[in-house]
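If you want the building blocks of each chain, they are given just below.
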Amino acid sequence: MQRIGVIGGGTMGAGIAEVAARAGGQVIVLERDAEAAAAAVARIEKSLARAVKSGRLEQADADAARARVTLTVDIGDFADRELVIEAAPEIEELKADFFAKLDAIVPAETILATNTSSIPVIRLANATTHPGRVVGLHFFNPVPVLPLVEIVVTLKTERAVADTVTAYARDVLGKRTIESKDQAGFIVNALLIPYLCAAIRMFETGFASAEDIDEGMVSGCAHPQGPLRLTDTIGLDVTLAVAESLYQEFGEPHYAPPVLLRRMVEAGYLGRKSGRGFYTY
């Protein structure tokens, strides 16, 4: 697959577009307007420049990758895509609307994938007339750096579709892949989110400072970063959305989002991307 479409040019969408372009794909990214498209371009160019500066990418390769990315505000431009990866905000109705529109535009053989981190994929697949071609393709932030992709297979996903996207992620993008059944949170977030929520509750009760909670997990458990700094990196809004999805799916108390997490999101303290979360950036 060489003709790739990406819905959304935010942090995840821009990262997905970048790795697909670096792997030789011709990538079109859909954004809502010209201003958002310009911001997506800036994210991709900044990430490519960072890779060149660190020695992970040659300047000529970065230039070639950038040339393979096109921005659009017209979803009709996806009519010739072989694979479309949806990376819109974590709002089920918004994502389902994109899938319904794509279903009417792309050929029957086009694979439709979602980068959702928490929403059961079958709900999005059911917005199409060909749910067998819908699959989860869950990347991790930052996409150009982290090696993992979760392949989420619904009860209706065709085996050939799952095998094709697995081969694409592994052999073309150079990622490591794991396969998950279609339950909220999949493998990684079903394990990670309760841990992050427990750390937030510990901080919320005043049991320990953010710095000490994080230092305990870094120096005591060899984690690369502590849970509160990790929450800031993920985004508190994303963490809240995933926790809510998990709690709705399973109804177990350890999945319930802490009150402090909800209040911080309502205050606009979303972590690194807003300049303030459990730490100030």
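Residues numbered from 1 in each chain as written. Predicted model: local features only at pLDDT ≥ 70, side-chain atom pairs only at ≥ 80, totals over all residues. Heavy atoms only, no water.

As annotated in an unreviewed UniProt entry, the chain is 3-hydroxybutyryl-CoA dehydrogenase from Nocardia transvalensis. What the UniProt record of the chain gives under Sequence similarities (unreviewed entry) is the line "Belongs to the 3-hydroxyacyl-CoA dehydrogenase family." What the UniProt record of the chain gives under Pathway (unreviewed entry) is the line "Lipid metabolism; butanoate metabolism." (UniProt positions renumbered as here; feature names shortened; annotations may be inferred.)

Novice: Lay out the packing of helix H7 (residues 188-204) against helix H8 (residues 210-221) with the relevant residues and their values.
Specialist: Here H7 crosses H8 at 140 degrees, and the two axes come no closer than 9 Å. By the criterion of interaxial angle, the relationship of H7 to H8 is oblique. As H7 packs across H8, the resulting crossing turns out to be right-handed. Residue-level inspection shows Tyr 195, Ala 199, Met 202 and Phe 203 of H7 in contact with H8, the latter providing Ala 210, Ile 213 and Met 217. Considered class by class, the residues forming the contact of H7 with H8 number 7 nonpolar, no polar and no charged. (Axes fitted to C-alpha atoms, helices over the stretch in contact; angles between N-to-C directions. Helix = DSSP H or I, 4+ residues; strand = E, 2+ residues; numbered from the N terminus. Parallel < 35°, antiparallel > 145°, perpendicular 65-115°, else oblique. Left-handed = near helix turned anticlockwise from the far one by under 90°. Contact = heavy atoms within 4.5 Å. Nonpolar A, V, L, I, M, F, W, Y, C, P; charged D, E, K, R; others polar.)

Novice: Please give an account of the UniProt feature "domain: 3-hydroxyacyl-CoA dehydrogenase NAD binding" (unreviewed entry) in the chain that cites residues and values.
Specialist: Taken from the UniProt record, the annotation "domain: 3-hydroxyacyl-CoA dehydrogenase NAD binding" (unreviewed entry) applies to residues 4-182. With 41% helix and 22% strand, residues 4-182 has end C-alpha atoms that lie 24 Å from one another.

Novice: Go over the UniProt feature "domain: 3-hydroxyacyl-CoA dehydrogenase C-terminal" (unreviewed entry) in the chain with me, naming the residues and quoting the values.
Specialist: According to UniProt, the positions carrying the feature "domain: 3-hydroxyacyl-CoA dehydrogenase C-terminal" (unreviewed entry) are residues 185-281. Secondary structure across residues 185-281 divides into 62% helix and 0% strand, with the first and last C-alpha atoms of the span separated by 28 Å.

Novice: Break down the sheet that holds strand E5 (residues 111-114) for me, citing the residues and quoting the values.
Specialist: The sheet built from 8 strands is open, its strands ordered E3-E2-E1-E4-E5-E6-E7-E8 with mixed pairing. A single partner strand is all that each edge strand has here, and the edge strands are strand E3 (69-72) and strand E8 (176-181). Between one strand and the next, the sheet's axes are offset by a mean angle of 25 degrees, whatever the strand orientation. In this sheet, strand E2 (residues 26-30) lies alongside strand E1 (residues 3-7) in parallel orientation, the contact comprising 5 bridges. Bridging from a neighbouring strand, Val 6 pairs with Val 29 of E2. Here helix H6 (residues 159-172) sits on the sheet and contacts E1, strand E4 (83-86), E5, strand E6 (134-139), strand E7 (148-153) and E8; the angle it forms with E7, its principal contact strand, is near 175 degrees. (Pairing = 2+ DSSP bridges.)

Novice: Please set out the packing of H7 against helix H9 (residues 227-234) residue by residue, giving values where relevant.
Specialist: Following both chains from N to C, one finds H7 and H9 inclined at 115 degrees, their axes separated by 9 Å at the closest point. Considering how the two elements wind past one another, H7 and H9 form a crossing that is left-handed. Only Pro 227, Leu 228, Leu 230, Thr 231 and Ile 234 of H9 make contact with H7, whose side of the interface consists of Leu 192, Tyr 195, Leu 196, Ala 199, Ile 200 and Phe 203. When its residues are assigned to classes, the contact of H7 with H9 shows 10 nonpolar, 1 polar and no charged.

Novice: Break down the nonpolar core for me, citing the residues and quoting the values.
Specialist: A general trend in soluble globular proteins is that nonpolar side chains are found buried together. If you look at the biggest cluster of nonpolar residues, it comprises 35 residues, and the most contacted ones within it are Ile 4, Val 27, Leu 83, Ile 85, Leu 137 and Phe 139. The leading source of residues in this core is helix H1 (residues 11-22), at 6 residues. Apart from the residues lying within four places of it in its own chain, the contact partners of Leu 83 are Met 1, Arg 3, Ile 4, Gly 5, Thr 110, Ile 111, Ala 113, Val 165 and Tyr 168. One finds Leu 30, Ala 88, Leu 112 and Leu 124 within the second-largest nonpolar core, a separate group that totals 19 residues. (Core = buried A, V, L, I, M, F, W, Y, C linked by side-chain atoms within 4.5 Å. Buried < 20%, exposed > 50% of the residue type's maximum accessible area, 1.4 Å probe, protein only.)

Novice: Would you mind going over the layout of surface pockets in detail, with residue names and values included?
Specialist: Over the atoms, a rolling probe the size of a water molecule traces out where space has been left empty. Estimates place the volume of the second largest pocket at around 150 Å³. What lines the second largest pocket is Glu 90, Ile 91, Glu 92, Glu 93, Ser 118, Ile 119, Arg 123, Ala 241, Glu 244, Ser 245 and Gln 248. Listed by contribution, the elements that provide at least two residues to the lining of the second largest pocket are helix H4 (92-105) and helix H10 (236-250). Considering each element in turn, the lining of the second largest pocket owes the most residues, 4 residues, to H10. Residue classes in the lining of the second largest pocket are distributed as 3 nonpolar, 3 polar and 5 charged. Composition of the lining of the second largest pocket by domain shows at least three residues from each of domain 1 (3-181) and domain 2 (189-273). (1 Å grid on protein atoms, 1.4 Å probe; cavity = no way out; pocket = protein on both sides within 12 Å on 5 of 7 lines; lining within 4 Å. Points joined across faces, edges and corners; volume = space filled by probe spheres on them. Domains from an automatic or database assignment.)

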